[in-house]
Structures are given as structure tokens and as C-alpha cells.
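Here is what each chain is made of, one letter per residue.
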Amino acid sequence: MDLTFPYTISVRLPSDLEIIPSIRKFVSEVLQVSGFSAKFAFRSEIIVDAICNNAITHGSSGGVDGEVELSCVIHGDRLEVVVRDNGGSSADIERLKEAVRRTRLGLPLPDYDSGGMGLEIVKLLSETIDINVDENNVTSIHVVRRREDV
Amino acid sequence: METQIQITCEEIAGKANARIVRFVGDLDATNVDYVTEQITNYFGDGLVKIVADFKQLRYVNSTGLGVLLHFNKSAKERGGCFKITNLNENVYEIIEIIGAASLLDIYDEISEAIAALD
């Protein structure tokens, strides 16, 4: 396939965990069609799963009537993943802010629950992870993962 | 939505309180409740020594890893074990990355795990 990089896949997801398996597998298949290795695709599947899971579980207004926006920018040498949601409870926002602080200081993320472990795995599998919460509590996680074979 | 994992259970000759439990599919947040219920039922039936065959387990996410650690702990608390075999390379790598490889009983082959049952 003769693809021109970069290109973007964007999708708005309902706030429902059941949608994640289909989405993560779709991203994995697109990456392999785009020439990325099966290992890269698997690791990217883990990343997409973890940050979508986090957004649906802790963001998107606590998971009720919310929406999560996923964008994957596929470059020839890397994948960028951005997930945005419209914020969760104040406790969720504080949790993410703490995650931002720890990520910037290079500290391990606290093991609040499996969501905390998910973000820790994302951190270990990616070159950069940037978590932002704006003044309207819209939260976004931006992850960059480079391919190993270029 | 239909669960993306199947679990089957098989007796082990000469081991009354042990079973091989085969996992087929993906273990993630959409089916951990189902898997937890199944394994907890085995524990409740006195089957506290489990050899988990992951040969056809394609994928495990962080939620799935959490329940594997939970099963390992619960089995030991009951005087049993939760031994994992036949991990694919990708799943093993994720377990290793989070530092759980040393916390779980992992074997290359089912025969090795069965031989290690008390």
C-alpha cells in the first residue's frame, strides 16, 4: 500500500467501555497495514486501550452521557495518540493533575487502581506522555510512540 | 456485547483439587467481571490449584493484569496456586514491563506447571 504520511484517524466514542476492544483493534490493524510491526501495533493497542479506558472510567462527566474523542496521527516514524474527554468529578480532575505533576517530574504514577496502572504502562511504552486539564476541565492525554525499526 | 474471552476447565489426572483453565481471546475491562466470577467459583468449589493455559490468550490490558495478580494472591491465601503457562511474547512483555513477572508463577509449558503442583 502506498500511503502518504502523516494521516489522521479521528473518532468520537460513546462513554462505554464495550466500544474499546473494537477501536483498539482497528488502530492496531491500521498500523500494520501502514507498515508498522506487529509488536509496535500490539503496544499501541495497549496504549489506546489504557487512555480510552481512563477517559471513559474517570472522565466524560463520570461516564454518563459523555463522549470521548480519540485521534491517532500516524507518521512514518511514530504514532501520536490524543484522547480528550469533558472532565470527570473533582476527585478525578485532582487525580489527573497529580498524574501530570508526577509525569513531569519523572515520578511513578500512584497505584490508585487499574487506571493508575494503565497510565503507568502507557508511560513505559511511550516516548512522551503529556496530560493537560484546561480551565473548563476538558482533559487531554497526548502520547507519542516512535517505531523502533527506522 | 458478547464477551471476547472463553474459559474452559479440564481435570488433571491425580490432582483432585487442581484444574487446567484455558483462556481463549482477550482479557480486558469488558470481561474481567466474568473471568473473576469463573475463577472465584473454582476456588469456591475447592479447586485452589489452577494451571492457567494462555496459549490462545491474545491480549491482556492493565485491568486484566490486575485480576491475574488478584487470582495469584487469592489462590495462595487458600493454600493453592495460580500458575500461568504458554504466554505469548507480547503478553509476557507487558507483564514484565510492569514488574509483575516476579510476582506471578510463570512456566513455559503446561507440563512444567503441573509438575510443580504440590
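Report follows, based on the coordinates. One numbering rule holds for all chains: residues counted from 1, following each sequence as written. Throughout, the order in which chains and ligands are written sets their labels, letters from A for the former and numbers from 1 for the latter. Given that the model is predicted, a residue must reach a pLDDT of at least 70 before its local features are reported, and side-chain atom pairs must reach 80 or more before they are shown or counted; all residues, however, enter totals for whole chains, interfaces and linings.

## Regarding the environment of A:Val82
All names here are of chain A. With respect to the helices and strands, Val-82 occurs in strand S3 (residues 78-85). Separated by 28 residues in the primary sequence, Val-82 and Asn-54 have C-alpha atoms spaced 12 Å apart. By the criterion used throughout, residues are in contact when their C-beta atoms, derived from the backbone, lie within 7 Å. Among all residues touching Val-82, those that are not within four sequence positions of it are Ser-71, Ser-140 and His-142. A helix here means a DSSP run of H or I that spans at least four residues, while a strand means a run of E at least two residues long, and both kinds are numbered starting from the N terminus.

## Some points on the interface of chain B and chain A
Listed per partner, the contact involves 16 residues of chain B and 16 residues of chain A. For the side of chain B that touches chain A, the secondary-structure elements that each account for two or more residues are helix H2 (62-77) and helix H3 (89-97) of chain B. It is H2(B) that provides the largest number of residues to the side of chain B that touches chain A, a total of four residues. Just so you know the grouping, Ala, Val, Leu, Ile, Met, Phe, Trp, Tyr, Cys and Pro go in nonpolar, Asp, Glu, Lys and Arg go in charged, and all remaining residues, Gly too, go in polar. The residue inventory of the side of chain B that touches chain A, partitioned by class, reads seven nonpolar, seven polar and two charged.

## Focus: the packing of helix H1 (residues 32-44) of chain B against H2(B)
Residues and elements named next belong to chain B. For the pair H1 and H2, the least separation of the axes is 11 Å and the interaxial angle reads 10°. With respect to H2, the element H1 is oriented roughly parallel. Residues Val-32, Val-35, Thr-36, Ile-39 and Phe-43 of H1 touch H2, and the partners they reach there are Thr-63, Gly-64, Val-67, Phe-71, Ser-74 and Ala-75. Tallied by class, residues from the contact of H1 with H2 come to seven nonpolar, four polar and no charged. Axis geometry follows a simple rule: fit a line to the C-alpha atoms, using only the stretch in contact for helices, then measure angles between N-to-C directions, giving values from 0 to 180 degrees. Relative orientations are named as follows: roughly parallel for angles under 35 degrees, roughly antiparallel for angles over 145 degrees, roughly perpendicular for angles from 65 to 115 degrees, and oblique for any other angle.

## Considering the sheet that holds strand S1 (residues 7-14) of chain A
Residue and element names in this part refer to chain A. Spatial strand order, S1-S2-S3-S5-S4: five strands in an open sheet with antiparallel pairing. Among the strands making up the open sheet, the edge pair consists of S1 and strand S4 (128-133). Taking each pair of neighbouring strands and ignoring which way they run, the sheet shows an average axis angle of 10°. Across eight bridges, the pairing between S1 and strand S2 (residues 67-74) is antiparallel. Bridged to Tyr-7 within S2 is Ile-74. On top of the sheet, helix H2 (residues 38-58) reaches S1, S2, S3 and strand S5 (139-146); it is set at about 10° to S3, its chief contact. Whether two strands pair depends on DSSP finding at least two bridges between them.

## Some details on helix H1 (residues 20-33) of chain A
Here a helix's expected span is defined as the number of its residues, less one, multiplied by 1.5 Å. Taking 1.5 Å per residue, 14 residues should reach 20 Å; H1(A) reaches 20 Å between its end C-alpha atoms and fits that length. Those residues of H1(A) lying buried are A:Ile20, A:Pro21, A:Arg24, A:Val27, A:Ser28 and A:Leu31. Projected down its long axis, H1(A) carries its buried residues within an arc of 135°, all on one side. Away from the buried face of H1(A) by more than 90 degrees, exposed residues A:Ser22, A:Glu29 and A:Val33 are located. The inward-facing, buried residues of H1(A) contact H2, S2 and S3 of chain A together with strand S2 (15-27) of chain B. Two residues or fewer past H1(A), A:Gly35 is found with a positive phi of approximately 95°. Our exposure labels follow a C-beta count within 10 Å of each residue's own C-beta, placed from the backbone: buried means 20 or more other C-beta atoms, exposed means 12 or fewer, and partly exposed covers the counts in between. Note that the arc is defined by the directions from the helix axis to the C-beta atoms.

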